[in-house]
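Below are the chains, spelled out letter by letter.
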Amino acid sequence: MSRVETKVKVALVGCGYWGPNLARNLHQLADAELVACCDLDPGTLQRMESLYPVRVTPDLDTILSDPEIEAVALATPVGTHYALARRLLLAGKHLLVEKPLTTSSAEAEDLISLARQQKRVLMVGHVFEYNPAVLKIKELIEDGQIGQVYYLYSNRVNLGRVQSDINVLWSIAPHDVSIALFLLEEMPVQVSARGASYLSGRVEDVVFVTMYFPGDVMAHIQASWLDPSKVRRMTVVGSEKMIIYDDVASEGKVKIYDKGVYRKGDPIYGEFQYKIHSGDINIPKINMSEPLRNECAHFVECVRSGAPPRTDGENGLRVVRVLEAAQRSLSNGGETVRLDS
């Protein structure tokens, strides 16, 4: 049987802000066929129909009842993820849900259980875990090239896209939470967050989240859609070297700084002496490819093989648990919230 005859038939539900990017990638995959698009906006459906040879519908039941459709990419507003994902899984569809998976850990746990019962793939769109630059940083850490990780921090800021249904914590911070958990391979034990609502007065436009991991490792995230310039930057500080990852750089996205501070000698008068080391900056060669293309291809391959996705439901649940804790802290003036192990 040829590859063409075994293409995975995929539908896209939610064709607004992020949906067109998913549609483009799913349409271009050799092993997938985008066959249907569902959205409530007639103009959006008309645009999708003009771009791709797909059936369009505003009615989710059309997708649910179509036996040809094996898998669905869900890119609707965050607050609708749980209810729609549940219906799609019950209809026997393999499912890729955009981040975050749900708005509560209880909902995420229910979807994981349901996917297991239905024997269906449940994957979350934590796209940076498919980014070659992030994968390179992961490799550097695992190989011990930067020594012990002390802390990391990220800035994800821009002027817009302002949202009113969710705050900036749930809108864009999930990216950096997922990267931190991916790189450190642990859950934080404590989370704190502060933020402010400058525009609407209802949802926070800017947040600062701090996660405390075992071994005194700390991660800090700044997220804002009220900032003068677009910044997508993460710094990882190790005991021997340091890494700066700049996602908006046209080239040299990852730079390794041969810099560190070393404690030397015995204590003198109750104090240690320290030596600062500053060496070369290394820019590793990274074969870049579109992370979303990698993510979509991985989803289709998991549907084919039945293998668990890299960013499976459990992965999505971990990120939601951190976001829940951060939201609790945010709502209580920045109090530190413990995460149960």
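Everything below is about the structure printed above this text.
Trainee: Would you explain unusual backbone geometry in this entry?
Mentor: Generally, phi is negative for residues other than glycine and the peptide bonds are trans, each holding for most cases. The omega torsion across Lys99 and Pro100 is -15 degrees, close enough to zero to call that bond cis. Within the fold, Pro100 resides in the loop between β5 (94-98) and α5 (105-118). Geometrically, the link from Gly160 to Arg161 is a cis peptide bond, its omega value of -5 degrees lying close to zero. With respect to the helices and strands, the residue Arg161 is situated in the loop between β7 (149-159) and α7 (168-171). Positive phi values are uncommon outside glycine, yet Glu185 reaches one of about 55 degrees. Considering the arrangement of structural elements, one finds Glu185 in the loop between α8 (173-184) and β8 (190-196).

Trainee: Would you mind going over the environment of Lys230 with me for this structure?
Mentor: Structurally, Lys230 is set in strand β11 (residues 226-238). For the pair Lys230 and Val157, spaced 73 residues apart in sequence, the C-alpha to C-alpha distance is 5.7 Å. Discounting chain neighbours no more than four positions away, the residues touching Lys230 are Val157, Asn158 and Val248.

Trainee: Is there a simple way to think about a nonpolar patch on the surface in this case?
Mentor: A contiguous nonpolar patch, built from Leu159, Val162, Tyr198, Leu199 and Leu226 and spanning about 530 Å² of accessible area, is present on the exposed surface. Among the structural elements, Tyr198 can be located in the loop between β8 and β9 (206-213). For Tyr198, a relative accessible area of 58% corresponds to the exposed category.

Trainee: In this structure, what is going on with the nonpolar core? I would like to understand it.
Mentor: Grouped burial of nonpolar side chains is what soluble globular proteins tend to show. In this structure, Ile63 and Val236 are the most contacted members of the largest nonpolar core, which totals 106 residues. Ile63 has contacts with Ala11, Val13, Ala36, Cys38, Thr57, Ile69, Val72, Leu88 and Lys93, leaving out every residue within four places of it along the chain.

Trainee: Would you mind showing me how to read the packing of α8 against helix α10 (residues 313-331) here?
Mentor: The angle between the axes and the distance between the axes are what describe a pair of packed helices. Orientation of α8 relative to α10, taken along the N-to-C sense of each, is 120 degrees, at an axis distance of 10 Å. Looking at the two axes, α8 sits oblique to α10. At the point where α8 passes α10, the crossing takes the right-handed sense. Touching Pro174, Val177, Ser178 and Leu181 of α8 are Arg318, Val319, Val322 and Leu323, all from α10. Taken together, the residues of the contact of α8 with α10 sort by class into 6 nonpolar, 1 polar and 1 charged.

Definitions and cut-offs
- Residues numbered from 1 in each chain as written.
- Predicted model: local features only at pLDDT ≥ 70, side-chain atom pairs only at ≥ 80, totals over all residues.
- Heavy atoms only, no water.
- Helix = DSSP H or I, 4+ residues; strand = E, 2+ residues; numbered from the N terminus.
- Contact = heavy atoms within 4.5 Å.
- Patch = residues over 30% accessible without salt bridge, like charges linked within 9 Å, V, L, I, M, F, W, Y side chains within 5 Å.
- Areas by Shrake-Rupley, 256 points an atom, 1.4 Å probe, with all protein chains shown as cover.
- Salt bridge = Lys/Arg side-chain N within 4 Å of Asp/Glu carboxyl O.
- Buried < 20%, exposed > 50% of the residue type's maximum accessible area, 1.4 Å probe, protein only.
- Core = buried A, V, L, I, M, F, W, Y, C linked by side-chain atoms within 4.5 Å.
- Axes fitted to C-alpha atoms, helices over the stretch in contact; angles between N-to-C directions.
- Parallel < 35°, antiparallel > 145°, perpendicular 65-115°, else oblique.
- Left-handed = near helix turned anticlockwise from the far one by under 90°.
- Nonpolar A, V, L, I, M, F, W, Y, C, P; charged D, E, K, R; others polar.

All we've got here are geometric facts, nothing functional implied.
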